[in-house]
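Descriptive structure summary
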Amino acid sequence: MKEDYSSMRGEMLGDGNRGRYARQILLFGEEGQKKLKSTRVLIAGAGGLGSAIAFYMAAAGFGRIRIVDCDVVELSNLNRQILHAQADLGRAKALSAYDSLAGINPEIEVEAVVERISEENVDDLLQGCDMIMDGMDSFPSRYLLNRAALKRAIPLFHGAISGYQGQATTIIPGKTACLSCLFPRAPPPATAPAIGSTCGVIGSIEVTEAIKYVTGKGRLLKNRLMLWDGLEGCLEEVSYEPSPYCRECRGLGRDA
Amino acid sequence: MLISMPDGSRRVLSRSEARIEEIVKDLGINPEEVIVAKNGRIVPDDETAGGSDQLKIVRFVHGG
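**Structural notes on the overall build of chain B**
Within chain B, the regular secondary structure consists of one helix and seven strands. The linear arrangement of helices and strands in chain B, starting from the amino end, is β-β-β-α-β-β-β-β. Compactness check: chain B gives a C-alpha radius of gyration of 11 Å against a globular reference of 11 Å for 64 residues, within 12% of the reference. By residue count, 52% of the 64 residues in chain B fall in the buried class. Put simply, of all contacts in chain B between residues at least 6 apart along the chain, 50% involve residues at least 24 apart. Surface summary for chain B: the accessible area is close to 3200 Å², and the carbon and sulfur share equals 43%. Of note, chain B has its 9 positive side-chain charges centred 5 Å away from the centre of its 11 negative side-chain charges.

Put into structure tokens, the structure is as follows:
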């Protein structure tokens, strides 16, 4: 039987959105869609992961997206950073991202910030944000996001990739281990090989987690690290716990 | 001990209880590049393993 949500959707989401979200409203209802609309997101990075994250969050109707990146688009980015096109070469990635996202979904608010995320500006960048999406490419910058998430008590959706491999987990301050509990040491710096499809897998998992978090559906990747091995075609998980020796949270989420 | 290596291969290792960091080093792996799950749960590398424990050595990634 076909259900008609049109009148209510028109009232709550605006006529411009009539029909846009019909397929996902089947999953989490008008109420869930309204929650996405009122969610404010910081996407840290507009590279390979950030591209996949931003595309799917914009299309899903997360209401306010602030995307931050300090780099400009280079030719070697275009194999995977699908927010950017040939014509964007030399432009700031954040501004290129803005154009792509506004094109996908003009009903949401997008804010582009051309800055490097640092200790000095992270508080300002997170002003008003309900969650952090990890699209960074190094552990020092991820530790910065982790500290900010702990301080503000907002979730951090972690993802990282290299070549055919990737990982993802969901950090909820006070309820789960933090990123430093899981990865107490940063790996040695190196340029990671990358294909767009791996960024797509991991970025999509991060967005799925964010949707589940906002709509209250399913089982989040809390204290679970999902590991994707594209060469093997294998997805696995390992569990982890808050660490009482963690330098950042001292096992804050242990008893929750 | 059954050990799952970062490349997906498996090894059976017969050795006495030892710190996981030592086991990893003895396998020729830099402990700074991996995290280790003992019997399905990630543990600090100063924890020990031996006997019938199962270790999974994961080379975590950092790119974006």
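**Here we look at the overall build of chain A**
The number of helices and strands found in chain A is eight helices and eight strands. In terms of overall dimensions, chain A is globule-like: its C-alpha atoms have a radius of gyration of 18 Å, near the 18 Å expected for 256 residues. Reported as C-alpha extents along the three principal axes, the dimensions of chain A are approximately 55 × 45 × 40 Å. Counting across all 256 residues of chain A, residues that qualify as buried make up 54%. Considering only intrachain contacts with a sequence separation of at least 6, the fraction spanning at least 24 residues in chain A is 64%. Counting every atom, chain A has about 11700 Å² of accessible surface; 50% of that belongs to carbon and sulfur. Of the charged side chains in chain A, 29 are positive and 31 negative; the average position of the first set lies 4 Å away from that of the second.

**Some words on the packing of aromatic side chains**
Taken as a whole and assessed by the stated rule, the structure comprises five aromatic pairs over all chains. Ring centres of Phe-139 of chain A and Phe-183 of chain A lie 5.1 Å apart, and the angle between their planes is 75 degrees; this geometry places the pair in the edge-to-face category. You can see Phe-139 of chain A sitting in helix H6 (residues 139-152) and its partner Phe-183 of chain A sitting in the loop between helix H7 (179-182) and helix H8 (196-215), a full 44 residues away along the chain. The buried category is assigned to Phe-139 of chain A, whose relative accessible area is 2%. Among the aromatic residues, those joined into a ring-pair cluster are Phe-139, Tyr-143 and Phe-183 of chain A together with Phe-60 of chain B. For the cation-ring pair, Arg-142 of chain A lies above Phe-139 of chain A, with the distance from its terminal atom to the ring centre recorded as 5.4 Å.

**A look at the pairing of strand E4 (residues 131-134) of chain A**
All names here are of chain A. Because side chains alternate across E4, one face comprises the buried residues Met-131 and Met-133, and the other comprises Ile-132 and Asp-134, equally buried. Taken together, the four bridges between strand E1 (residues 40-44) and E4 define a ladder with parallel strand orientation. Among the inter-strand pairings, Leu-42 is bridged to a residue of E4, identified as Ile-132. For E4 and strand E5 (residues 156-162), the ladder comprises two bridges, and the chain directions are parallel. Bridging across to E5, Ile-132 finds its partner in Leu-156. Handedness of the crossover joining E4 and E5 through H6: right-handed.

**Here we look at the environment of Lys-217 of chain A**
Residues and elements named next belong to chain A. Along the chain, Lys-217 falls in the loop between H8 and strand E7 (224-229). Residue Lys-217 is classed as partly exposed on the basis of its relative accessible area, which comes to 42%. Along the sequence, Lys-217 and Leu-179 sit 38 residues apart, while their C-alpha atoms lie 23 Å from each other. If near-sequence neighbours (up to four positions away) are discounted, Lys-217 is found in contact with Leu-27, Phe-28 and Lys-212.

**A closer look at the packing of helix H2 (residues 22-37) of chain A against H8 of chain A**
Each packed pair of helices is defined by two parameters, the angle between the axes and the distance between the axes. Residue and element names in this part refer to chain A. Viewed as axis vectors pointing N to C, H2 and H8 meet at an angle of 110 degrees, and their least axial separation amounts to 9 Å. Taken together, the axes of H2 and H8 are roughly perpendicular relative to one another. Judged by residue contacts, Phe-28, Gly-32, Lys-35 and Leu-36 of H2 engage Ile-211, Val-214 and Thr-215 from H8. Considered class by class, the residues forming the contact of H2 with H8 number four nonpolar, two polar and one charged.

**Looking at the interface of chain A and chain B**
At the interface, 30 residues of chain A touch 17 residues of chain B. Ranking the residues of chain A by area buried against chain B places Arg-185, Val-238 and Ser-239 of chain A at the top, with a combined share of 27%. Counting across the chain A and chain B interface gives three salt bridges. Put simply, Asp-45 of chain B and Arg-185 of chain A hold a salt bridge, and the shortest N to O gap is 2.8 Å. Remark: the boundary between chain A and chain B carries 12 residue pairs in polar contact (both at pLDDT 80 or more). Split into classes, the residues belonging to the side of chain A that touches chain B amount to 16 nonpolar, nine polar and five charged.

**Focus: the packing of helix H3 (residues 48-60) of chain A against H8 of chain A**
Residues and elements named next belong to chain A. Two elements in contact, H3 and H8, have axes whose closest approach is 8 Å; the angle formed by their N-to-C orientations is 40 degrees. In terms of orientation, H3 and H8 fall into the oblique class. For the pair H3 and H8, the crossing hand works out as right-handed. Taking contact as the criterion, the partners of Gly-48, Leu-49, Ala-52, Ile-53, Tyr-56, Met-57 and Ala-60 in H3 are, on H8, Cys-199, Gly-200, Ile-202, Gly-203, Ser-204, Glu-206, Val-207, Ala-210 and Ile-211. Per-class residue counts for the contact of H3 with H8 are 11 nonpolar, four polar and one charged.

Reading the values: the criteria
Residues numbered from 1 in each chain as written. Chains lettered and ligands numbered in written order. Predicted model: local features only at pLDDT ≥ 70, side-chain atom pairs only at ≥ 80, totals over all residues. Heavy atoms only, no water. Helix = DSSP H or I, 4+ residues; strand = E, 2+ residues; numbered from the N terminus. Rg over C-alpha atoms; globule rule 2.2 N^0.38 Å. Buried < 20%, exposed > 50% of the residue type's maximum accessible area, 1.4 Å probe, protein only. Contact = heavy atoms within 4.5 Å. Areas by Shrake-Rupley, 256 points an atom, 1.4 Å probe, with all protein chains shown as cover. Lys, Arg positive; Asp, Glu negative; His and termini not counted. Charge placed at Lys NZ, Arg CZ, Asp CG, Glu CD. Phe/Tyr/Trp six-rings, centres within 6.5 Å; stacked < 30°, edge-to-face > 60°. Lys NZ or Arg CZ within 6 Å of the ring centre and 35° of its normal. Pairing = 2+ DSSP bridges. Right-handed = clockwise from strand over helix to strand, strands pointing away. Axes fitted to C-alpha atoms, helices over the stretch in contact; angles between N-to-C directions. Parallel < 35°, antiparallel > 145°, perpendicular 65-115°, else oblique. Nonpolar A, V, L, I, M, F, W, Y, C, P; charged D, E, K, R; others polar. Buried area = accessible area lost by both parts, 1.4 Å probe. Salt bridge = Lys/Arg side-chain N within 4 Å of Asp/Glu carboxyl O. Polar contact = N/O pair within 3.5 Å; in protein donor to acceptor, adjacent residues only side chain to side chain. Left-handed = near helix turned anticlockwise from the far one by under 90°.

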